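Commentary on secondary and tertiary structure
One-letter residues, chain by chain:
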Amino acid sequence: MEEATASLLETGAKVGADSWQQRVKNQTPHCGFGEAGTCCRICSMGPCRITKKAPRGICGCDVHGIVARNYLRFTAGGSATHSDHGRSIAHTLYLAKPDGAYQVKDPEKLKRIAKEWDIETENKDIYDLAHEVALTGLMEYGKPFGTQRFTKRAPEHTQELWDKAGITPRAIDREVSQSMHMTHMGCSSLPEALIRQSLRAGLSDGWGGSMMGTELSDVLFGTPKPIDTEANIGVMEKDMVNIVVHGHDPSLSEMVVFYAQDPEMIALAKANGAKGINVCGVCCTANEVAMRHGIPMAGNFLQQENVVLTGACEAIVVDVQCIFPALGPLSKCFHTKFVTTSPIARMPDSEYIEFHEETAAENAKAIVKMAVENFKNRNQDLVNIPQLKSKARVGYSVEAIKKCLDGVTNSHVDELGTLKPLADVVKAGVLRGAVAMVGCNNPKVRPDTAHIELMKKLLKNDIIVVVSGCSAQAAAKAGLMDPEAKEFCGEGLKRVCELVGIPPVLHMGSCVDISRMMILASDLAKDWGCNISQIPLCGCAPEWMSEKAVSIGNYVVSTGIDTFLGVDPYSKGSEEVTELLQGETGIKTWVEANYTVELDIEKMGDMMIERIEAKRAALGI
Ligand code: SF4
Ligand code: SF4
């Protein structure tokens, strides 16, 4: 891949394009205060920064208060994004109509959620039910009393821990807004209180906003089932109109995928000299459409500029989150249309087609048409699509995993639809445990290598890996989601993959779909009869970069899963905050799990294996 990127950057240099590789050089070395989390600019008496000579800010806040406040704001930013994403999906469900652009594709799942929320389902029109569920979901964002509904899905023990620690989230928006309030000048500066709220804001995302996004997306667009696709930059097609969807919200990408298959649009593409229309994805949007339609994945976070650099991208269509503003000026160096669609993510040098769920069909059609008509403007001399692609089987929702496990369940003896077969192979030691690998790319780590090297090491040690987000795409590009990827596995894992018919790395979706992993861990604990923190399981984000990843980290640890980070979350400036997050006396005593920050990936892999073995030993298995 690095060779291919180098050749793409050569084209970029020819046309005067900027690149993230260059911008990283321009920004290095980074400011040490920022890196340690020890600067504060939340009021205009500052900015203040903490040094030996100046141990307090002007208001008197010490380094621990400043680091903890920064950490909470980091979390709140992440929680807000996922939660807004979930809200927009709930809104889309509210607008679903039998003859509209959005329909209910999984009525069974809709009914399951309705029952869980005590909504009457008998003799009700499915669309009336959808609207009621959507409205109830939307109320979760700002209800004045009680706690979030989805938290009741967690095992009782986990819920008790949350209540005892005072971190059970109430309403989704409320936790974000309280975080902003707490971090205002002159409010909280007690690290413990700030870190508790960080966990609560994280939980309001993972067991609230993200879960809303995932669950209602399944209702609207279908619950993912295993499906074959391809990954890497080579999925772009030389003779076709290439439309790249990038961002997060499937409401947009689903519609683009739909109109790219419209015979009228295909005829238009042919009239413009192309063989057809090829849609592929970048980042989490790629995961969403790959999981549900087998749409190929062109790349992850740090490959987003590469798709334009191929010279063969007619349009890169984006919604929200993780979109480089650099795509605007970069697209101007080529014929590429950079299409922004959300009032939440406006960027210079883009064509703005505001996308609304109410007018989704006409918006999506206009976008596809713009891309198709742009094919003739392609400069063939600049076209360079590196021929790199791998096969991948994706689409492992919790429902799909249970279904696969049903295939190895003796239905005369055991119940179907449980995770017991998984618990059994872990107990027997055939599988040693599992790692949930998630998160981004970060130029601080050689892109993808941490993800891939860790995965290979875990597979060799008979540890199954479940992935989401850009980690999933790293795995797909490396061929680890190909059911043929057996050579990477130890004997036990290999046998399990063969018997169940799965690849050793299971693609569970986008970043909001990490909520699927929380359900998986909860259901596994219930079926096993133990606490989540006892399962030989770790979370890992080796190349994380976004605020969302911090929010995710907070809900993963709060769920009882030890979490390993390959990049420091700007907390090293305070030993008190470091102890709270990573020590034995902080969050570990509240939620039975904590963080490990380890920049040496080789060491991190060993530590995860050790942690899994220690959990096994504690269970006596
Ligand atoms: S809140 Fe305190 S530490 Fe922060 S900028 Fe204002 S005076 Fe400085
Ligand atoms: S994994 Fe990180 S970079 Fe990738 S889409 Fe999610 S938040 Fe963005």
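Residues numbered from 1 in each chain as written. Chains lettered and ligands numbered in written order. Predicted model: local features only at pLDDT ≥ 70, side-chain atom pairs only at ≥ 80, totals over all residues. Heavy atoms only, no water.

1. Examining the UniProt feature "binding site: [4Fe-4S] cluster 1" (unreviewed entry) in the chain
Rules: UniProt positions are given in the numbering used here, feature names are shortened, and annotations may be inferred rather than shown by experiment. Put simply, DSSP H or I for four residues or longer makes a helix, DSSP E for two residues or longer makes a strand, and each gets a number counted from the N terminus. The contact criterion used is simple: two residues touch if any of their non-hydrogen atoms lie within 4.5 Å.
Within the UniProt annotation, "binding site: [4Fe-4S] cluster 1" (unreviewed entry) is assigned to Cys31 and Cys39. Within the secondary structure layout, Cys31 lies in the loop between α2 (20-27) and α3 (32-36). Mapping Cys39 onto the fold places it in strand β1 (residues 39-40). In this structure Cys39 touches Phe33, Gly34, Cys48, Arg49, Ile66 and Asn70, once residues within four positions along its chain are discounted.

2. With respect to the side chain of Ser251
Worth spelling out the cut-off: In this scheme, a residue with accessible area under 20% of its type's maximum is buried, one over 50% is exposed, and one in between is partly exposed, where area comes from a 1.4 Å probe on protein chains only.
In this fold, Ser251 is placed in helix α10 (residues 250-260). Take Ser251: its relative accessible area is 1%, and that puts it in the buried class. The contact partners of Ser251, leaving out residues within four places of it in the chain, are Ile89, Thr92, Tyr102, Phe221 and Phe355.

3. Quick look at the packing of helix α21 (residues 514-528) against helix α22 (residues 547-558)
Definition in use: Between the N-to-C directions of two axes lies an angle of 0 to 180 degrees, each axis being a line fitted to C-alpha atoms and, for a helix, fitted only over the stretch in contact. Here roughly perpendicular refers to angles of 65 to 115 degrees, roughly parallel to angles under 35, roughly antiparallel to angles over 145, and oblique to all remaining angles. Residues are sorted three ways: Asp, Glu, Lys and Arg are charged, Ala, Val, Leu, Ile, Met, Phe, Trp, Tyr, Cys and Pro are nonpolar, and all the rest, Gly among them, are polar.
The N-to-C vectors of α21 and α22 enclose an angle of 5°; their axes lie 11 Å apart at closest approach. Classified by the interaxial angle, the pair formed by α21 and α22 is roughly parallel. Side by side, α21 and α22 meet where Ile514, Ser515 and Met518 of the first sit next to Ile552, Tyr555 and Val556 of the second. Split into classes, the residues belonging to the contact of α21 with α22 amount to five nonpolar, one polar and no charged.

4. Here's the deal with helix α25 (residues 601-619)
For an α-helix the count is 3.6 residues per turn, leaving residues at separations of three or four pointing the same way. Condition: In this analysis, the expected span of each helix is defined as 1.5 Å times one less than the number of residues it contains. Regarding the arc, it is the one traced by the directions from the helix axis to the C-beta atoms. Whenever a nitrogen or oxygen atom comes within 3.5 Å of another N or O atom, the pair is scored as a polar contact, on the condition that within protein one atom can donate a hydrogen and the other can accept it, and that pairs from neighbouring residues in sequence are kept only if both atoms are in side chains.
For α25, with 19 residues, the first-to-last C-alpha span of 27 Å sits near the 27 Å given by 1.5 Å per residue. Where α25 is concerned, the buried positions are Ile601, Met604, Gly605, Met608, Ile609, Ile612, Lys615 and Arg616. Along α25, the residues classed as buried sweep out an arc of 135° about the axis, all on the same side. Of the exposed residues in α25, those oriented more than 90 degrees away from the buried face are Glu602, Glu610, Ala617 and Ala618. Summarising the contacts, the buried residues of α25 are in contact with α17 (420-428), β11 (433-437), α18 (449-460), β12 (463-467), β14 (537-541) and β15 (562-565). The N-cap of α25, judged by a side-chain oxygen 3.0 Å from the amide nitrogen of Glu602 a few residues on, is Asp600.

5. Observations concerning the site of ligand 2
Note the following rule: Any residue with a heavy atom lying within 4 Å of a molecule or strand is counted as near it.
Close contacts around ligand 2 come from His248, Cys283, Cys284, Phe301, Cys322, Gly439, Cys440, Cys470, Cys511, Met545, Ser546 and Lys548, and that covers them all. The class makeup of the residues in the shell around ligand 2 is eight nonpolar, three polar and one charged.

6. Regarding the site of ligand 1
In the vicinity of ligand 1, the contacting residues are Cys40, Ile42, Cys43, Met45, Gly46, Cys48, Gly57, Ile58, Cys59, Ile66, Arg69 and Met185. Each residue belonging to the shell around ligand 1 can be placed in one class, and the counts come to nine nonpolar, two polar and one charged.

7. Describing the pattern of salt bridges
Using the following cut-off: Between Lys or Arg on one side and Asp or Glu on the other, a salt bridge is scored when a side-chain nitrogen of the former is within 4 Å of a carboxyl oxygen of the latter.
The final tally for this structure, using the stated rule, is 39 salt bridges. Residues Glu305 and Arg23 are paired through a salt bridge, measuring 2.6 Å at the closest nitrogen-oxygen approach. Note that Glu305 is positioned in helix α13 (residues 304-309) and Arg23 in helix α2, a separation of 282 residues in sequence. Its relative accessible area of 2% is what places Glu305 among the buried residues. The class of Arg23 is partly exposed, set by a relative accessible area of 23%. Taking the shortest distance from any N to any O, the salt bridge between Asp606 and Lys457 comes out at 2.7 Å. Note that Asp606 is positioned in helix α25 and Lys457 in helix α18, a separation of 149 residues in sequence.

8. Regarding the pairing of strand β7 (residues 315-318)
Put simply, the rule reads: A pair of strands is treated as paired once DSSP finds two or more bridges between them. Every crossover in which the path from the first strand over the helix to the second runs clockwise, viewed with the strands pointing away from the viewer, is termed right-handed.
Residues Ala315 and Val317 of β7 are buried on one face, and the alternating residues Ile316 and Val318, pointing to the opposite face, are buried as well. Relative to strand β8 (residues 337-340), β7 runs parallel, the two sharing four bridges. In the sheet register, Val317 faces β8, and the bridge partner there is Val339. Handedness of the crossover joining β7 and β8 through helix α14 (residues 327-332) is recorded here as right-handed.

9. Things to note about the packing of helix α5 (residues 107-116) against helix α9 (residues 191-221)
How two helices pack is summed up by the angle between their axes together with the distance between the axes. At a closest axis distance of 7 Å, the pairing of α5 and α9 adopts a crossing angle of 140°. The angle between α5 and α9 falls in the class oblique. Across the interface between the two elements, Lys109, Leu110 and Ile113 of α5 pack against Glu215, Leu216, Asp218 and Val219 of α9. Looking at side-chain class alone, the contact of α5 with α9 contains four nonpolar, no polar and three charged residues.

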